[in-house]
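# A structural walkthrough
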Amino acid sequence: MGRVQMDRPASSIEIDSGRLPTIKGLNGAHHFITEVLGVPVTRNLIRTATESKRLRRFKISAHNWYSEADLYEWVLSLRNSGGDAA
């Protein structure tokens with residue numbers, strides 16, 4: 001007996017792949033930030049930010065997963081808000 005082919009309707013949602021949990025664990029997050037974004041941070045800084053919920057993560061099957069967008073936004077959040085240069 002063969003498989004039944006079913007036509008699926010076109011997706012009605014637009015998916016932003018940068019928001020999907022595609023980076024697994026502390027080592028994956030560290031590699032993305034340091035190698036892809038080129039920002040020198042320590043694994044400890046990422047771990048601390050994750051534990052204090054300053055860095056968003058997905059919990060899937062007892063593992064932390066991160067999205068590229070969340071890691072990028074977290075790195076931007078590390079910027080000091082300096083006063084006016086005047």
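Residues numbered from 1 in each chain as written. Predicted model: local features only at pLDDT ≥ 70, side-chain atom pairs only at ≥ 80, totals over all residues. Heavy atoms only, no water.

### Focus on the overall build of the protein
Put simply, the test is: Secondary structure counts use DSSP, requiring at least four H or I residues in a row for a helix and at least two E residues in a row for a strand, with both numbered from the N terminus. Residue exposure (1.4 Å probe, protein chains only): buried if accessible area is under 20% of the type maximum, exposed if over 50%, otherwise partly exposed. Any two residues whose heavy atoms approach within 4.5 Å are treated as being in contact. Residue burial considers only the protein chains on display, and all accessible areas are found by Shrake-Rupley using a 1.4 Å probe.
Helix and strand counts for the protein stand at three helices and three strands. N-terminal to C-terminal, the α/β element order of the protein is β-α-α-β-β-α. Across the 86 residues that make up the protein, the buried fraction comes to 23%. Considering only contacts within the protein whose residues lie at least 6 apart along the sequence, 55% involve residues at least 24 apart. Carbon and sulfur atoms form 51% of the exposed surface of the protein, whose accessible area is close to 7100 Å².

### Quick word on the environment of Lys-24
Here Lys-24 is to be found in strand S1 (residues 23-24). The exposure class assigned to Lys-24 is partly exposed, which follows from its relative accessible area of 43%. The sequence separation of Lys-24 and Arg-57 amounts to 33 residues, and the corresponding C-alpha distance is 9.8 Å. Apart from the residues within four sequence positions on either side, Lys-24 is in contact with His-63, Asn-64 and Trp-65.

### Section: the sheet that holds S1
Stated formally: Pairing between two strands is assigned when DSSP locates at least 2 bridges connecting them.
With respect to topology, three strands assemble into an open sheet ordered S1-S3-S2, the strand pairing being antiparallel. Looking at which strands have only one partner, the edges of the open sheet turn out to be S1 and strand S2 (58-60).

### So, the side chain of His-30
Position of His-30 among the secondary structure elements: in helix H1 (residues 25-36). With sequence-adjacent residues up to four places away left out, His-30 is seen in contact with Glu-35, Val-41, Thr-42, Arg-43 and Ile-46.

### Concerning the pattern of salt bridges
Put simply, the rule reads: A pair is scored as a salt bridge if a Lys or Arg side-chain nitrogen falls within 4 Å of a carboxyl oxygen belonging to Asp or Glu.
Under the definition given, this model contains three salt bridges. Notably, a salt bridge pairs Arg-19 with Glu-73, separated by 2.7 Å at the nearest N-O pair. Residue Arg-19 is located in the segment before S1, and its partner Glu-73 is located in helix H3 (residues 68-77); the two are separated by 54 residues in the primary sequence. Judged by relative accessible area, which is 38%, Arg-19 ranks as partly exposed. Across the salt bridge formed by Glu-51 and Arg-47, the nearest N and O atoms sit 3.0 Å from each other. Taken as a pair, Glu-51 and Arg-47 lie in helix H2 (residues 43-51) at a separation of four residues, close to a single helical turn. Overall, Glu-51 belongs to the exposed group, its relative accessible area being 56%. Overlapping salt bridges, with partners in common, bring together Arg-19, Asp-70 and Glu-73 in one network.

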